[in-house]
Amino acid sequence: MSARVPDATDPVLACPIAPVVDIVFSRWTTPVLWALHEYGRQRFVQLHRRIPAVTPKVLTQRLRQLERDGLVVRTYHPEVPPRVEYEISELGRSLAPLFAHLAEWASAHLDEVERARDSYDAASR
């Protein structure tokens, strides 16, 4: 069986940032990375307190995926009771300029997006 050759006309395959968007912008990834970047190394409970809307199960899944992707480092301390800490990796930190640009864009344009939505919703009534 031969490997599929990427088709440059397929927008999903042709878009060079699609894999990054899938990794970085999946639900709960940005809040987790932001919290670890902003507040440094944290235990699970501390992180969950900073992101209370996420369930513990989903936070666990997201942390495991981020660890697998190399964006988060998990450190296990064999103490009694055991202690586990999470911190953003160097690879995760390398995303900081991307998030800074997105924050600038949001600051400059979210009001415009909101006006466009209001206009669209008013026209749709």
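Reading the values: rules and limits
Residues numbered from 1 in each chain as written. Predicted model: local features only at pLDDT ≥ 70, side-chain atom pairs only at ≥ 80, totals over all residues. Heavy atoms only, no water. Phe/Tyr/Trp six-rings, centres within 6.5 Å; stacked < 30°, edge-to-face > 60°. Helix = DSSP H or I, 4+ residues; strand = E, 2+ residues; numbered from the N terminus. Buried < 20%, exposed > 50% of the residue type's maximum accessible area, 1.4 Å probe, protein only. Arc of directions from axis to C-beta. Expected span 1.5 Å × (residues − 1). Bend = angle between axes of the 7 residues up to and from the residue. Polar contact = N/O pair within 3.5 Å; in protein donor to acceptor, adjacent residues only side chain to side chain. Contact = heavy atoms within 4.5 Å. Patch = residues over 30% accessible without salt bridge, like charges linked within 9 Å, V, L, I, M, F, W, Y side chains within 5 Å. Areas by Shrake-Rupley, 256 points an atom, 1.4 Å probe, with all protein chains shown as cover. Salt bridge = Lys/Arg side-chain N within 4 Å of Asp/Glu carboxyl O. UniProt positions renumbered as here; feature names shortened; annotations may be inferred. Core = buried A, V, L, I, M, F, W, Y, C linked by side-chain atoms within 4.5 Å. Pairing = 2+ DSSP bridges. Axes fitted to C-alpha atoms, helices over the stretch in contact; angles between N-to-C directions.

A look at the packing of aromatic side chains
No. 1: With the rule as written, the count across this model stands at two aromatic pairs.
No. 2: For the ring pair F25 and F99, a centre distance of 6.2 Å and an interplane angle of 85 degrees mean the geometry is edge-to-face. With F25 in the loop between α2 (18-24) and α3 (29-39) and F99 in helix α7 (residues 96-123), the pair connects residues that are 74 residues apart, well separated along the chain.
No. 3: On the basis of relative accessibility, which here comes to 37%, the residue F25 falls in the partly exposed class.
No. 4: On the accessibility criterion, F99 (24% relative accessible area) is partly exposed.

A short note on α3
No. 1: Within α3, the full set of buried residues consists of T29, V32, L33, A35 and L36. In an axial view of α3, the angular spread of the buried residues amounts to 160 degrees, which keeps them on one side of the axis.
No. 2: Downstream of α3 by a residue or two, G40 has a phi angle that is positive, lying close to 80 degrees.

Some words on α7
No. 1: Here α7 spans 38 Å end to end across 28 residues, near enough to the 40 Å set by a 1.5 Å rise per residue.
No. 2: When the local axis directions of α7 are compared, the greatest deviation, roughly 50 degrees, occurs at H109.

Observations regarding the side chain of Q42
No. 1: Here Q42 shows up in strand β1 (residues 42-43).
No. 2: The class of Q42 is buried, set by a relative accessible area of 2%.
No. 3: At 3.4 Å, the side chain of Q42 and the backbone oxygen of G40 are in polar contact.
No. 4: If near-sequence neighbours (up to four positions away) are discounted, Q42 is found in contact with A35, L36, L47, R50, V84, E85 and Y86.

Considering a nonpolar patch on the surface
No. 1: A contiguous nonpolar patch, built from I17, V20, V21, F25, L98 and L102 and spanning about 460 Å² of accessible area, is present on the exposed surface.
No. 2: At the level of elements, α2 and α7 are the ones that each hand at least two residues to the nonpolar patch.
No. 3: Judged by relative accessible area, which is 32%, L98 ranks as partly exposed.

Digging into the UniProt feature "domain: HTH hxlR-type" (unreviewed entry) in the protein
No. 1: Following the UniProt record, one finds the feature "domain: HTH hxlR-type" (unreviewed entry) at residues 15-114.
No. 2: Across residues 15-114 one finds 61% helix and 14% strand; the C-alpha atoms that close the span lie 27 Å apart.

Observations regarding the nonpolar core
No. 1: Membership of the largest hydrophobic core comes to 18 residues, with the highest contact counts inside it found for V32, L33, L36, L47, I51, L63 and V72.
No. 2: Mapped by element, the contributors of at least two residues to this core are α3, α5 (56-68) and β3 (83-88).

Let's talk about the sheet that holds strand β2 (residues 72-77)
No. 1: Here three strands make up an open sheet; going across it, the order is β1-β3-β2 and the pairing antiparallel. Edge positions in the sheet fall to β1 and β2, since each has one partner strand and no second.
No. 2: The pairing of β1 with β3 spans two bridges and is classified as antiparallel. Paired with Q42 across the two strands is Y86, which belongs to β3.
No. 3: Docked against the sheet, α3 engages β1, β2 and β3, running at close to 95 degrees with respect to β3.

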